[in-house]
Amino acid sequence: MTKKSNLLLALLVLFGGNTAQAAIPGLSGSTFELSARTGHISTPDGHSILNWGYAPPAGAMQYPGPTLIVDQGQLVTVKLRNHLPAPVSIVFPGQESVIATGGTAGPLTREVPADDGASEVTYTFRANHAGTYMYHSGTNPELQVEMGLVGALIVKPTQTMAHGPRAYPNAHTHYQHEYLFLLTEIDPGIHELVELGRMGEIDMTKRNPVLWFINGRNAPDTMLNAFVPWLPHQPYNSLPRMHPGETLLMRVIGAGHDLHPFHPHGNNVLIIARDGRMLESSPGMGPDLGISDFTIKSIPGQTVDALFTWTGKGLGWDIYGHNPEDPLQPNEYAPDHGKPLPIQLPEKQNLTFGGSYSGSPFLGAMGALPPGEGGLNENGGLFFMWHSHAEKEMVNDDIFPGGMMTMLIIEPPGAPIEH
Amino acid sequence: MRFSTAVLCFLALAPNVGSAAEFILRADVATKVYNGRPVVMWGFALDSALDVEDGAVQIPGPVLTVPPGDSTLTIRLKNKLPQLNGAPTPVSIVIPGQMATMTPERAGNGRVRSFTHETAPGAVGTYTWNQLAPGTYLYMSGTHPAVQVQMGLYGALKKDFSAGNVYQNISYDKELILLYSEVDPALHDAVASDNYGPGKAVKSTINYQPRYFLVNGTLHAPTDPALPAGAEGEQVLLRLLNAGLRTVAPLLQGAHMKLVAEDGKRYRFQKEQYSVLLSAGKTTDALMNAQAGSYPLYDRRLTPGMGTLSILQVAAP
């Protein structure tokens, strides 16, 4: 048995009983009390930017707002109070018969006046259809969505846990891990004018975003843990992780003003739904019109659900570095079993190391590294960049790398993937 | 069953087979006012005869409705556009997605100036389509389109497959046309004051920066009445067209639609969405079948001023 296999065995022993699945953090329930508040977000280039956003009860402003997680068929009530210097509201694209009470009438829905939390507007609807949706301000939305008043709404179908959770009431939408990709962009100049109270000088026709976000963070902050204390207004991260052969559900939301071509490296995705509806040829068929694609066209206001899986198929070498007589790993791509890595690895002195290199090209294996190198890849996982393929969106105000970018980590079998 | 319907349709329409629709259009100048600011536009007018100018210049141009049985469309085009840079301004008409014999015309330097034959100022040009397909299409100027299309020379053309059916087996009860476009007033000012072109203050459209984002040629105002969108239980056909130069993403708030066709071609399978990706030059047909109520429809690019907002009102059954 090789050294790598020993490590894997140890991992399996340690974590073999771990069946945890990555879930999307958020607020669950049927009644939500949100407030619209201000706060300053941080971006990796050193910006501190005034945002407007939805806050959970007794919580700080969040960018994006709390992810609301409800069950299909539930009557959902969202109560909104306003601590902003302007009226605000919420619209729920894709939801039917939303009833708004209180406040004053606006062009898209009823609005809460700028009364520092004195009054409340209540939005009620029945979440008739499972799927991925969003919510955002319906008041002066060209400014308020830019300022950050956006969030995700996830409607879960009735689950039959026999084969794991599913995105829609159909067996072909099962997944092991789910991740949110809420895509936005910001022009800090507009936020600065709002902060200075120079509202009259804002010209939205000259909007020029220079910061691009996944779940309210820019790379590399996307890869930090969720809820790190130094990003109090940006609680959500974006670090998809999975084991070989598992299925990962991507919930992609175009929450900003612009289109983004979101490109997952490693394999094609299967797009199974758009706007909370399965791509099906007729009701009950399931996503039989699913599209295999390597770039998800994310359109403002639209949501996309996609399934991603990965086994290393097509690489032409054994990702575990097995000898032919070694046993197969779970979900290993058998035709490549025992096939050697087709290159000679360079000598260590000819390499520049990144923090995510385990010292070995093989999954679950650790190799010797010079002192002080590595350390960001505790399980010997394989990393794939997932990012906007509009390359200029991979910067933080002109500084590369950053922006709408993160990494998928393929973790070795048995490595823990917690929430 | 389908066969007999087809036979019936054929019999009903038989007298029209091979007949031709003909329109007399005039390319001319008009002034529109957006947010209190006058903007000189170029647009199409529908005249009743070649020797009269009795049609109003419209932005977008008049909706051209071709009866289901007509396989040939003829547009007679009169050119009343002003001179630019001391030279006459030719014009033409193209319909992306419809088959026609295209005869491009070139400028002196050899570069294509017009996708098809031009009509000189004061002249009358004839444009013919012999195999007109059903669906929703844009017509627009095919001459110096970078300038002329954004000046306002665009409109909607529609032809149903048969009475009450936009495409084969796609029926509808009511329809709404929603044509999106935008205006850069600085560019229009330059054209209107003959300050556009080589050696002039504005040399090209490279710095195009629209400020007014329109639906059916107008900016939404809070006092605008809602658009009647049929009654509960009816199939309402939304013909969405983008005559602008940028992508719009119309979003219907409160109901999903069935997208049935794109660029005049019926989808094999309908798409159930509340949002539509409507690139520049694209048309999309969607069916809405919603409960009584009002449904905002707006460009989710969230264009400044929400000028693209329409409120669709579905009446009680």
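Sequence order as written defines residue numbering, which begins from 1 separately in each chain. Each chain gets a letter, beginning with A, and each ligand a number, beginning with 1, in the order they are written. Per-residue local features are limited, in this predicted model, to residues with pLDDT of at least 70; the limit for side-chain atom pairs, both in listing and counting, is 80 or more; totals at the level of whole chains, interfaces and linings are taken over all residues. Processing note: side-chain calculations cover all non-hydrogen atoms of the structure and skip hydrogens and water entirely.

Visitor: Help me understand the sheet that holds strand E1 (residues 20-34) of chain B, please; the structure alone is not making it clear to me.
Guide: Across a sheet, strands are paired by hydrogen bonds formed along the backbone, either parallel or antiparallel in direction. Residue and element names in this part refer to chain B. Strand order in the open sheet formed by 4 strands is E2-E1-E4-E7, and the pairing between neighbours is mixed. Looking at which strands have only one partner, the edges of the open sheet turn out to be strand E2 (37-47) and strand E7 (124-129). Put simply, the sheet's adjacent strands are angled 25 degrees from each other on average, direction ignored. Pairing between strands requires that DSSP locate at least two bridges from one strand to the other. Each helix corresponds to a stretch of at least 4 residues labelled H or I by DSSP, and each strand to a stretch of at least 2 residues labelled E; elements are numbered beginning at the N terminus. Bridge count for strand E4 (residues 72-79) against E7 is 6 bridges, and the pairing is antiparallel. Each residue of the ladder has a partner; that of Ile 75, found in E7, is Tyr 127. Only the stretch in contact is used when a helix axis is fitted, and all axes are lines through C-alpha atoms; the angle between N-to-C directions ranges over 0 to 180 degrees.

Visitor: Could you clarify how one ought to interpret the confidence of the model for chain B in this entry?
Guide: Detailed reading of the predicted coordinates is not advisable wherever pLDDT is low. Chain-level pLDDT for chain B is 93 on average; 94% of the residues reach the 70-or-more range. In the predicted structure, residues 1-17 of chain B sits below a pLDDT of 50 and forms 6 contacts with residues beyond four places in sequence or in another chain. Every residue is assigned a pLDDT by the predictor, reflecting its confidence on a scale from 0 to 100. Residue contacts follow a heavy-atom distance rule, with two residues in contact if any of their heavy atoms lie within 4.5 Å.

Visitor: Is there a simple way to think about the pairing of strand E15 (residues 236-242) of chain B in this case?
Guide: Each regular strand displays side chains that alternate between the two surfaces of the sheet. Residue and element names in this part refer to chain B. Counting buried residues in E15 gives 7 out of 7 residues, a clear majority hidden from the surface. Only protein chains enter the calculation, and the probe is 1.4 Å; a residue is then buried if its accessible area is under 20% of its type maximum, exposed if over 50%, and partly exposed in between. Side chains Val 236, Leu 238, Leu 240 and Asn 242 project from E15 onto one buried face, and the interleaved Leu 237, Arg 239 and Leu 241 project onto a second face that is buried too. The pairing of strand E12 (residues 174-183) with E15 spans 7 bridges and is parallel. What sits directly across from Leu 179, in E15, is Leu 241. Sheet analysis places E15 next to strand E19 (residues 283-288), joined by 6 bridges and oriented antiparallel. Residue pairing across strands places Arg 239 opposite Asp 285, the latter belonging to E19.

Visitor: I tried to follow the interface of chain B and chain A on my own but got confused; where do I start?
Guide: Think of interface size as the accessible area that goes away when the parts come together; that is how it is often given. The partner chain A presents 34 residues to the 28 residues of chain B that form the contact. Values labelled buried area give the accessible surface lost by two parts on being combined, using a 1.4 Å probe and summing over both. Taking both sides of the interface into account, the surface hidden between chain B and chain A amounts to around 2,600 Å²; carbon and sulfur atoms contribute 56%. Among the residues of chain B in contact with chain A, Tyr 274, Arg 300 and Leu 302 of chain B are the three that bury the most area, contributing 23% of the side total. Salt bridges, as used here, are contacts in which a Lys or Arg side-chain nitrogen is within 4 Å of a carboxyl oxygen on Asp or Glu. At the junction of chain B with chain A, the criterion picks out 3 salt bridges. Two residues, Asp 258 of chain A and Arg 301 of chain B, come together in a salt bridge whose shortest N-O distance is 3.1 Å. Pairs of N or O atoms within 3.5 Å make up the polar contacts considered here, provided that, within protein, one atom can donate a hydrogen while the other can accept it, and that residues adjacent in sequence are counted only when both atoms are side-chain atoms. Applying the counting criterion to the chain B and chain A interface returns 19 residue pairs in polar contact (both at pLDDT 80 or more). Elements represented by at least two residues in the side of chain B that touches chain A include exactly strand E18 (265-273) and strand E20 (293-299) of chain B. Sort the elements by how many residues they give to the side of chain B that touches chain A and E18 of chain B lands first, with 3 residues. Side-chain classes follow a simple rule in which Ala, Val, Leu, Ile, Met, Phe, Trp, Tyr, Cys and Pro form the nonpolar group, Asp, Glu, Lys and Arg form the charged group, and the remainder, Gly included, forms the polar group. Split into classes, the residues belonging to the side of chain B that touches chain A amount to 14 nonpolar, 10 polar and 4 charged.

Visitor: Before we go on, may I ask you to explain helix H3 (residues 188-195) of chain A in this structure?
Guide: One turn of the α-helix equals 3.6 residues, which is why residues spaced by three or four share an orientation. Residue and element names in this part refer to chain A. All of the buried residues along H3 are Pro 188, Ile 190, His 191, Leu 193 and Val 194. Structurally, the start of H3 carries an N-cap: the backbone nitrogen of Gly 189 is 2.9 Å from a side-chain oxygen of Asp 187. Note on H3: the residue one or two positions beyond its end, Gly 197, has a positive phi of about 75 degrees.

Visitor: Any chance you could explain the environment of Val 94 of chain B here in plain terms?
Guide: Residue and element names in this part refer to chain B. With respect to the helices and strands, the residue Val 94 is situated in the loop between E4 and strand E5 (105-106). In this structure Val 94 comes out as buried when scored by relative accessible area, which is 6%. Here the alpha-carbon distance between Val 94 and Lys 200, two residues 106 residues apart in the chain, equals 28 Å. When residues no more than four places from it in sequence are discounted, the contact partners of Val 94 are Met 102, Phe 115, Thr 116, Trp 129, Leu 138, Tyr 139, Met 140, Ser 141 and Gly 142.

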